[in-house]
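Now for the letters of each chain:
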Amino acid sequence: MSKTLSLIVFLEKIHYFCGMNEFSVVIISKSEELPQMACTDFFHSVDLFRIIEKTPGQKPYMAITYKGNDVIAHMLVLLRRRGSLFPPYLFTQGRAYGEGEYSPACADDKEAIFGMMLRCLIRKLKIGICLYIEFSDLSTKMFGYKTFRDNGFFPVHWMEIHNSLHSMPPAKRLMPRVKKQIAKARMSGLITTIADNEKEYDCFMKILRGRSTLKIRRFIPDPKLFHELLKLGDCKLFITRDGISIVSGCICVYSNENCYLWYLATKHKLHKKRASAMTVWAAILDAYKCSYKHIYFMDVGLPFKKNPFREFILGFGGKPVGTYRWFRCSFTWVNKILSWLYRE
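Reading guide: rules and limits
- Chains are numbered independently. Their residues run from 1 in the order of the written sequence.
- pLDDT decides what is reported in this predicted model: residues at 70 or higher carry local features, side-chain atom pairs at 80 or more are listed and counted, and totals for whole chains, interfaces and linings draw on all residues regardless.
- By convention in this description, side-chain values take in all heavy atoms of the structure and omit both hydrogens and water.
- Any residue under 20% of the maximum accessible area for its type is buried, any over 50% is exposed, and the rest in between are partly exposed; the area is computed with a 1.4 Å probe on protein chains only.
- Helical segments are the DSSP runs of H or I of at least four residues, strand segments are the runs of E of at least two, and each set is numbered from the N terminus.
- Paired strands, as defined in this entry, are two strands with at least two bridges between them according to DSSP.
- Multiply 1.5 Å by the residue count of a helix minus one, and that product is the helix's expected span.
- This arc is built from the directions going out from the helix axis to the C-beta atoms.
- Any pair of residues with heavy atoms lying within 4.5 Å of one another is described as a contacting pair.
- Throughout this description, the term nonpolar core refers to a set of buried Ala, Val, Leu, Ile, Met, Phe, Trp, Tyr and Cys residues connected via side-chain atoms within 4.5 Å.
- Every axis corresponds to a line fitted to the C-alpha atoms, with the helix fit spanning only the stretch in contact, and the corresponding angles, defined between N-to-C directions, vary from 0 to 180 degrees.
- In this scheme, a crossing is called left-handed if the near helix is turned counterclockwise away from the far one by less than a right angle; it is called right-handed if the turn is clockwise.
- Each residue gets one of three labels, nonpolar for Ala, Val, Leu, Ile, Met, Phe, Trp, Tyr, Cys and Pro, charged for Asp, Glu, Lys and Arg, and polar for the others, Gly among them.
- Just so you know how the angles are binned, under 35 degrees is roughly parallel, over 145 roughly antiparallel, 65 to 115 roughly perpendicular, and the rest oblique.

Another aspect to go through is the pairing of strand β12 (residues 258–266). With nine of nine residues buried, β12 is to be regarded as a mostly interior element. Taking the residues that link successive antiparallel strands as the turn, the strand β11 (residues 245–255)-β12 hairpin has two residues, and the phi of Asn-256 there is positive, at about 50°.

Right, dumping it as structure tokens:
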């Protein structure tokens with residue numbers, strides 16, 4: 001029996017049983033091995049898999065669940081190579097946005113299937129010496145709570161903000177202080193447009209790297225990622241100019257009739273708040289004109305009482321939502337300490 005199990009693990013194909021139905025989970029890291037499957041979620045799509053595969057410093061892993069010969073669920077995790085000023089200096093991080101995609105036929109078994117894929121991914125990433133794994137942007141706060149706990153993850157309270165774009169025009173949601181910032185930005189000559197070439201993307205990346213150098217958790221991907229997204233058409237870069245100089249920008253990606261503001265950066269100048277307000281407002285208006293239902297701000301940060309960035313984003317009339325991000329460190333003793341520190 002042990003030899004059979006060893007062979008199954010070696011082939012990275014693990015079988016599970018649910019009643020009379022057999023499910024199998026496979027982990028794929030090469031695009032040519034991907035099967036044909038329907039993808040509506042950008043963060044778990046074949047397109048993003050192929051782009052990440054071409055991006056230096058990152059590697060994709062797609063967990064795919066079969067029922068017989070049919071794909072019923074899939075989940076994409078990105079393995080990122082990172083560096084730090086503190087030990088271990090160089091390490092890798094597993095990152096997932098959401099719990100994956102599931103066919104309507106497996107709705108009743110969704111959390112069980114998620115657990116199968118999660119266990120397979122943990123085993124695979126352990127082989128790749130992944131320092132820690134992070135899950136965010138889950139569909140509901142309590143999704144997979146027991147599954148995460150059973151697999152050694154610990155939750156960290158987080159704050160998310162999204163703006164509804166279908167119930168009323170965005171202008172009616174604006175707070176007075178943000179209206180003033182936008183008005184002053186226009187009076188000072190700031191103009192926001194959509195970038196359409198790689199040179200503008202590279203200019204924004206310099207601003208983004210300059211504003212994120214000392215932020216421990218902030219991960220800035222290789223510019224090739226955004227160049228490929230630009231070609232694919234699933235992404236827009238909004239840039240704000242002061243004359244001919246780019247002073248601010250934000251990157252949005254689009255999935256499931258929603259807009260996701262992924263990265264925002266502004267040069268550190270006197271008109272920083274005005275330029276940021278102008279940039280975010282342009283992204284919101286564009287999403288509204290394109291009939292997207294919501295715009296999500298993907299990294300507002302920890303729910304501290306005083307968070308200037310969170311207060312700035314809330315000025316656009318968004319809804320704050322308390323949620324969890326789930327973490328798991330590969331070093332057992334470190335994970336136990338962190339689990340105790342972030343105990344509920």
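Here the focus is helix α5 (residues 176–187). Spanning twelve residues, α5 covers 17 Å between terminal C-alpha atoms, matching the ideal 16 Å at 1.5 Å per step. Three or more residues of α5 are buried, namely Val-178, Gln-181, Ile-182 and Ala-185. Around the axis of α5, the buried residues are gathered within 95° of arc, so they sit on the same side. Exposed residues lying more than 90 degrees from the buried face of α5 are Pro-176, Lys-180 and Met-187. The elements touched by buried residues of α5 are β9 (190–194), α8 (272–289) and α9 (308–314). Within two residues after α5, Gly-189 carries a phi angle of roughly 90°, on the positive side.

What follows concerns the pairing of strand β13 (residues 294–297). Direction of pairing for strand β8 (residues 154–164) relative to β13: antiparallel, over a ladder of four bridges. Bridging across to β13, His-162 finds its partner in Tyr-296. Strand direction decides the pairing type here: β12 and β13, joined by four bridges, are parallel. Residue pairing for β13: Tyr-260 is matched across the bridge by Tyr-296.

The next point concerns the nonpolar core. For soluble globular proteins, the rule of thumb is that nonpolar side chains tend to be buried together. If you look at the biggest cluster of nonpolar residues, it comprises 39 residues, and the most contacted ones within it are Leu-34, Phe-43, Phe-226, Leu-229, Val-253 and Trp-262. Ignoring sequence-local partners within four residues, the contact set of Val-253 consists of Phe-42, Phe-43, Leu-229, Asp-234, Cys-235, Asn-258, Cys-259, Tyr-260 and Trp-262.

Another point: the packing of helix α2 (residues 46–54) against helix α7 (residues 223–232). The angle between the axes and the distance between the axes are what describe a pair of packed helices. Between α2 and α7, whose axes approach to 9 Å, the crossing angle comes to 145°. Note that α2 runs across α7; the crossing there is right-handed. Between α2, through Asp-47, Ile-51, Ile-52 and Lys-54, and α7, the contact on the second element is made entirely by Lys-224, Leu-225, Glu-228, Leu-229 and Leu-232. Here the contact of α2 with α7 is built from residues that sort into five nonpolar, no polar and four charged.

All right, on to the packing of α5 against α8 then. Relative orientation of the contacting elements α5 and α8 amounts to 100°, with a least axis distance of 8 Å. Comparing the axis directions of α5 and α8 gives the class roughly perpendicular. Between α5, through Gln-181, Ile-182, Lys-184, Ala-185 and Arg-186, and α8, the contact on the second element is made entirely by Lys-273, Arg-274, Ala-277, Met-278 and Trp-281. For the contact of α5 with α8, a count of residues per class yields five nonpolar, one polar and four charged.

A separate point is the side chain of Asn-258. Its place among the elements puts Asn-258 in strand β12. Not counting chain neighbours up to four residues away, the residues in contact with Asn-258 comprise Val-253, Tyr-292, Lys-293, His-294 and Tyr-296.

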